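One-letter residues, chain by chain:
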Amino acid sequence: MGWLVSLGLAWVLSLSVVSSVSGIGANWGTQATHPLPPATVVRMLRDNGFQKVKLFDADYGALRALGRTGIEVMVGIPNDMLASMAGSVKAAERWVSKNVSTHISSYNVNIRYVAVGNEPFLQTYNGSFLTATYPALQNVQSALIRAGLSSQVKVTVPLNADVYESSTTLPSGGDFRADIHNYMIQIVKFLSDNGGSFTVNIYPFISLYTDPNFPVEYAFFDGNASPVVDGSTTYYNMFDANYDTLVWALQKNGFGNLPIIVGEIGWPTDGDRNANLVYAQRFNQGFMSHISGGKGTPMRPGPIDVYLFSLIDEDAKSIEPGNFERHWGIFRYDGGPKYLFNLGTTNSNGLIPAQGVHSLEHKWCILKMSANLTADQVAPSVSYACSLADCTSLGYGTSCGNLDAEGNISYAFNSYYQINNQLDSACKFSGLGTITRTDPSFISADLNQAGFRVLFLGGGVQLCSVHALPLTLGLPIKRRRVVDVGQTVDEFAD
């Protein structure tokens, strides 16, 4: 749709934010090798004043932990379940009974929405879910009615901002994409008829990632960008322009009053040259300041209903969209805040970390000093480690992008070692690796990450942005028993 409406925070020490948004929410994803216990995450949500949470599936542990907290919950149905939901109202009824009704009646979970699919019309899916989404939506609604919950629990479909476009590159030219227009009108009308909301995911970062000509300042909220004039309306940032393109699309099709939920918005901290702590802090704090006054956008004044993306980093997410996918969290894997960020929901000027988190031992797997860097096993060992661990902080423009050859190899070995719970057999690598209890960290010469120590930090885990893999005490940890490079056996730890 052009950079003006395609898919924002000065580096401040503290900021007084008076919250006038329609409750601040967070996306809680669980694709991590060492997820924090649900009770720990829920306490962190409450300590930081989050009033809503969005789940991507009906995780039993997460839902149980959210019981009796009052936190509003949007529970998700993954895309791979849409076909079964579309094909059978009985399947939808069973899902609602198990994942909605039971949690509401037995555990007092405040479920308010069921998200049917997750960006099912995303262009990269090549139409895989086009025909299943609407009938699945109908059947889930029927199931909620049958369960007597349709007045309390509403259906929605989280959609990417690529479902609409502008014929003029301006918000006023907004309409739904021509190739999915009929599908979109079906869904929008159904949501309107049943008291639902249009849920949209808006990502200025993605515009910057995909378009080298995208004006960087337009992604943020500082007012430094060249404004975009659309008739009598002036836009100073990407978010307002994108949001109002959707408003125009709804209005043109007769649904100008349909409520809108921003299901995802945020900025990653690693994995790309534009994914860093400074930009993430600048965007997220700027966004909160922008919406805190409750003025909304030019086309839709008033409080904005929003879920930040995301709560915690997920080191097991697919990196097909980009290496940044594992670094969207405002908290690290261990529940520690990444940067100063005032949500305006507590008396604290910053985020409150997770409590009672236990980390792995302080030991690391590194390349032996005597190892020959030209040995035949070096390259395949690194490739193997990175394929099963997380090397997304390595590469051009990333937080660990300045490491030398030895540093890159040790980083890969150690990531694999930590993810496999520091098993001795996970540091073999054909005799190239060795375990050390001496912290092998060093100070970055250019202090490119605000002076953070790089390479190895925290309870046994390296990384240039400080964090530690937590122990998930009391929960089974799926891990790999490692025989040697190329040979693994999945098992569960007690």
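Residues numbered from 1 in each chain as written. Predicted model: local features only at pLDDT ≥ 70, side-chain atom pairs only at ≥ 80, totals over all residues. Heavy atoms only, no water.

Where do I start with the pairing of strand 2 (residues 52-55) in this structure?
What you see with strand 2 is no split at all: Lys52 and Lys54 on one side and Val53 and Leu55 on the other are buried throughout. Two elements, strand 1 (residues 24-28) and strand 2, share four bridges in a ladder whose sense is parallel. Residue pairing in the sheet places alanine 26 in a bridge with valine 53 of strand 2. With helix 1 (residues 38-47) bridging strand 1 and the parallel strand 2, this β-α-β connection has right-handed handedness. Where strand 2 and strand 3 (residues 72-77) come together, three bridges link them in parallel fashion. Looking at the pairing, lysine 52 lines up with glutamate 72 of strand 3. (Buried < 20%, exposed > 50% of the residue type's maximum accessible area, 1.4 Å probe, protein only. Helix = DSSP H or I, 4+ residues; strand = E, 2+ residues; numbered from the N terminus. Pairing = 2+ DSSP bridges. Right-handed = clockwise from strand over helix to strand, strands pointing away.)

Just checking my understanding: could you explain the nonpolar core for this structure?
The nonpolar side chains of a soluble globular protein tend to be buried with one another. Counting residues in hydrophobic clusters, the biggest one holds 108 residues, and the most contacted among them are Leu45, Leu66, Val100, Val140, Phe198 and Phe287. Counting 22 residues, the second-largest nonpolar core is a separate cluster that includes Val378, Tyr411, Tyr416 and Cys427. (Core = buried A, V, L, I, M, F, W, Y, C linked by side-chain atoms within 4.5 Å.)

I keep staring at the pattern of salt bridges and nothing clicks. Help me out?
Opposite charge on two side chains permits pairing when their charged atoms draw close. In this structure the tally under the stated criterion is 17 salt bridges. The partner of glutamate 325 in a salt bridge is lysine 317, with the nearest N and O atoms 2.9 Å apart. Residue class for glutamate 325 comes out buried when judged on its relative accessible area of 14%. When the shortest N-O distance is used, the salt bridge between arginine 326 and aspartate 390 registers 3.1 Å. Of the two residues, arginine 326 is situated in the loop between strand 13 (305-308) and strand 14 (364-367) and aspartate 390 in the loop between helix 10 (378-388) and helix 11 (405-419); the sequence distance between them amounts to 64 residues. Residue classification places arginine 326 among the buried positions, given a relative accessible area of 11%. A residue is classified by how much of its surface remains accessible, and aspartate 390, at 3% relative accessible area, is buried. One network of salt bridges, with partners in common, ties together Lys90, Glu93 and Arg146. (Salt bridge = Lys/Arg side-chain N within 4 Å of Asp/Glu carboxyl O.)

Mind showing me how you'd approach the packing of helix 4 (residues 89-107) against helix 5 (residues 130-146) here?
Helix-helix packing is described using two parameters, namely the angle between the two axes and the distance between the axes. Taken N-terminus to C-terminus, the directions of helix 4 and helix 5 make an angle of 55°; their axes are 8 Å apart at the nearest point. With respect to their mutual orientation, helix 4 and helix 5 come out oblique. Like other packed secondary-structure pairs, helix 4 and helix 5 cross with a definite hand, here right-handed. Touching Val89, Ala92, Glu93, Val96 and Val100 of helix 4 are Asn139, Val140, Ser142, Ala143, Leu144 and Arg146, all from helix 5. (Axes fitted to C-alpha atoms, helices over the stretch in contact; angles between N-to-C directions. Parallel < 35°, antiparallel > 145°, perpendicular 65-115°, else oblique. Left-handed = near helix turned anticlockwise from the far one by under 90°. Contact = heavy atoms within 4.5 Å.)

Where do I start with the sheet that holds strand 12 (residues 260-265) in this structure?
Sheets are built from strands paired through backbone hydrogen bonds, the pairs being either parallel or antiparallel. Here we have nine strands laid out as an open sheet, ordered 5-4-3-2-1-13-12-9-6, and parallel in their pairing. Strand pairing shows two members of the sheet lacking a second neighbour, strand 5 (154-156) and strand 6 (158-160), which therefore form its edges. The mean angle between the axes of side-by-side strands here comes to 25°, regardless of whether they run parallel or antiparallel. By the bridge criterion, three bridges tie strand 4 (residues 111-116) to strand 5 in an arrangement that is parallel. If you follow tyrosine 113 over to strand 5, its bridge partner there is lysine 154. Across the sheet, helix 4 lies against strand 3 and strand 4, angled at about 160° from strand 4, the strand it touches most.

What's the story with helix 5 in this structure? I'm lost.
Since the α-helix packs 3.6 residues into each turn, any two residues three or four apart lie on the same face. Taking 1.5 Å per residue, 17 residues should reach 24 Å; helix 5 reaches 26 Å between its end C-alpha atoms and fits that length. Positioned one or two residues after helix 5, glycine 148 has a phi angle of 75°, which is positive. (Expected span 1.5 Å × (residues − 1).)

How should the state of the cysteines be read in this particular structure?
Each disulfide is one covalent bond, formed between the sulfur atoms of two cysteines. Scanning all chains against the criterion turns up two disulfides. At a sulfur-sulfur separation of 2.0 Å, the disulfide partner of cysteine 365 is cysteine 427. Residues cysteine 365 and cysteine 427 are joined through a disulfide that is right-handed, its torsion about the S-S bond being 85°. You can see cysteine 365 sitting in strand 14 and its partner cysteine 427 sitting in the loop between helix 11 and strand 15 (433-436), a full 62 residues away along the chain. Relative accessible area serves as the criterion here: at 0%, cysteine 365 is assigned to the buried category. Residue cysteine 386 pairs covalently with cysteine 391 via a disulfide, S to S 2.1 Å. (Disulfide = S-S within 2.5 Å.)

Quick question: what am I supposed to make of the packing of helix 10 against helix 11 here?
Two elements in contact, helix 10 and helix 11, have axes whose closest approach is 8 Å; the angle formed by their N-to-C orientations is 45°. Classed by the angle they form, the pair helix 10 and helix 11 counts as oblique. Of the two elements, helix 10 crosses helix 11, and the hand of that crossing is left-handed. Seen from helix 10, the contacting residues are Val378, Ser381, Val382, Tyr384, Ala385, Cys386 and Leu388; seen from helix 11, they are Ile409, Ala412, Phe413, Tyr416 and Ile419. Looking at the contact of helix 10 with helix 11, its residues break down into 11 nonpolar, one polar and no charged. (Nonpolar A, V, L, I, M, F, W, Y, C, P; charged D, E, K, R; others polar.)

Help me out: how do you make sense of the environment of glutamate 325 in this one?
By the secondary structure assignment, glutamate 325 is in the loop between strand 13 and strand 14. In contact with glutamate 325, not counting residues within four places along its chain, are Lys317 and Ser318. A distance of 3.4 Å separates a polar atom in the side chain of glutamate 325 from a polar atom in the side chain of tryptophan 328. (Polar contact = N/O pair within 3.5 Å; in protein donor to acceptor, adjacent residues only side chain to side chain.)

Help me understand the side chain of asparagine 414, please; the structure alone is not making it clear to me.
Take asparagine 414: it is sitting in helix 11. Overall, asparagine 414 belongs to the buried group, its relative accessible area being 0%. A polar contact of 3.0 Å, which involves the side chain of asparagine 414, links it to the backbone nitrogen of cysteine 365.

Looking at this structure, how should I read the packing of aromatic side chains?
Aromatic rings in a pair are described by how distant their centres are and how their planes are angled relative to each other. Counted according to the given criterion, the structure contains 28 aromatic pairs. Note on phenylalanine 205 and tryptophan 267: the rings are 5.3 Å apart at their centroids and 75° apart in plane angle, and the pair reads as edge-to-face. Of this pair, phenylalanine 205 sits in helix 7 (residues 204-210) while tryptophan 267 is found in the loop between strand 12 and helix 9 (277-292), placing the two residues 62 residues apart along the sequence. Overall, tryptophan 267 belongs to the buried group, its relative accessible area being 0%. Seen from the ring of tyrosine 107, arginine 64 lies directly overhead, with NZ or CZ sitting 3.9 Å from the centre. (Phe/Tyr/Trp six-rings, centres within 6.5 Å; stacked < 30°, edge-to-face > 60°. Lys NZ or Arg CZ within 6 Å of the ring centre and 35° of its normal.)

What's the story with the confidence of the model for the protein chain in this structure? I'm lost.
Parts of the prediction with low pLDDT should not have their coordinates interpreted in detail. When pLDDT is averaged along the protein chain, the result is 87, and 85% of the positions lie at 70 or above. Under a pLDDT of 50 for its full length, residues 1-21 has, in the predicted model, 95 contacts with residues more than four places off or in other chains. (pLDDT = per-residue confidence, 0-100.)

Mind showing me how you'd approach unusual backbone geometry here?
Most peptide bonds take the trans form, and the phi angle of most residues other than glycine is negative. Residue serine 310 is reached from phenylalanine 309 by a cis peptide bond, and omega for that bond is -5°. Position of serine 310 among the secondary structure elements: in the loop between strand 13 and strand 14. Not every positive phi belongs to a glycine, and glutamine 422 is a case in point at roughly 60°. Given a relative accessible area of 6%, glutamine 422 falls into the buried group.

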